[in-house]
Each structure stands twice: as C-alpha cells, then as structure tokens.
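Read off the chains here:
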Amino acid sequence: MSVTIYHNPDCGTSRNTLAMIRNAGIEPTIVEYLKTPPERTTLIDLLARAGLTVRDVLREKGTPYAELGLADPTLTDEQLLDAIEHHPILLNRPLVITPLGVRLCRPSERVIDILPAAQQGPFVKEDGEVVIDADGRRVR
C-alpha cells in the first residue's frame, strides 16, 4: 500500500495524522515539505485530485500570508503558487495521498476516510481527544 504524507513534524495535526496512518499498520512515505517542497506540477495535480483550489491550501497562521498580501482576491492561482514556491510554510498540512484519494487532513481524523486499512487499535490525539475507541469504532 502506497501512502504519502506531506508532513511538518512541528505541527500537532500533522503528527496526529501520521500516527493514525501508522495505527492502521501502514508506514507511509514521509515528505517533510518544508525541506522538500512539492514541485509546482505535483502540487497542482494533488490539488486537482483533492478537489481543492490553491486558496484552499493557503495557511495564514504563522506564515508571511498577511505581509505578502495574499488575502487579495485579485491574485491569480499562478501568483499564489509562486508565493507557496518561495515560502513553503504557506502550504497547509498535512496532505495525504493514498490509493483511495488525496486529502488535506484538517482535522487529522479526515485521514481515516482515505486509508486503505482500518485502524488497528484505539487512537487518542495528542490533546487527549479520543478518535478511535477500544472497540475500534470511530468516536466522531
């Protein structure tokens, strides 16, 4: 099973998503996108497969979003992609690719819907929120 996660180890949502992938018994390919950003054509393809726009994956918090004026609705996708290319931190995460699809996993439990294997045990997020109970059932 081929699963890839565009991951930021400093992000709790990204860490929780990675842990849920592993809780399904899958060891994914991990791409630390701040060190190895996806190529522009790859990003465009991932967005299309996920049904997302460039604006949908822009991250505002903790990024140069405001100082770059990226809220301007007249900016084109090409201009937004240029910004992401120069500042990969602008790409929201984690993006996960599986045989069942591509998804921006915010919240992290959105990954469960595209995993090709079931969760193998209970799962609790870093903040204590129960996602999978002791019987293997999704809590919410």
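These lines cover the structure that appears in this document, whether it is placed above or below. Just so you know, these numbers come straight off a predicted model, no measurement behind them. (Residues numbered from 1 in each chain as written. Predicted model: local features only at pLDDT ≥ 70, side-chain atom pairs only at ≥ 80, totals over all residues. Heavy atoms only, no water.)

We now examine the nonpolar core. Across soluble globular proteins, nonpolar side chains have a tendency to be buried as a group. Ranked by internal contacts, the top residues of the largest apolar core, which has 21 residues, are Tyr-6, Leu-43, Leu-58, Leu-70, Ile-84, Leu-90 and Leu-91. Listed by contribution, the elements that provide at least two residues to this core are α2 (40–50), α3 (77–86), β3 (95–98) and β4 (101–104). The biggest single contributor to this core is α3, with 4 residues. The residues touching Leu-90, leaving out its near neighbours within four places in the chain, are Val-57, Leu-58, Arg-59, Thr-63, Pro-64, Tyr-65, Leu-68, Leu-70, Ala-83 and Ile-84. In terms of nonpolar packing, the next biggest core, distinct from the first, is built from 16 residues, Val-3, Ile-21, Val-96 and Leu-115 among them. (Core = buried A, V, L, I, M, F, W, Y, C linked by side-chain atoms within 4.5 Å. Buried < 20%, exposed > 50% of the residue type's maximum accessible area, 1.4 Å probe, protein only. Helix = DSSP H or I, 4+ residues; strand = E, 2+ residues; numbered from the N terminus. Contact = heavy atoms within 4.5 Å.)

Let us now look at helix α1 (residues 12–23). For α1, built from 12 residues, the straight-helix expectation of 16 Å at 1.5 Å per residue is met to within 8% by its first-to-last C-alpha distance of 16 Å. Listing the buried residues of α1 in full gives Ser-14, Asn-16, Thr-17, Leu-18, Met-20, Ile-21 and Asn-23. Contacts from the buried residues of α1 go to β1 (4–7), β2 (29–32), β3, β5 (123–124) and β6 (130–132). Positive phi shows up at Gly-25, right after α1, with a value of about 80°. (Expected span 1.5 Å × (residues − 1).)

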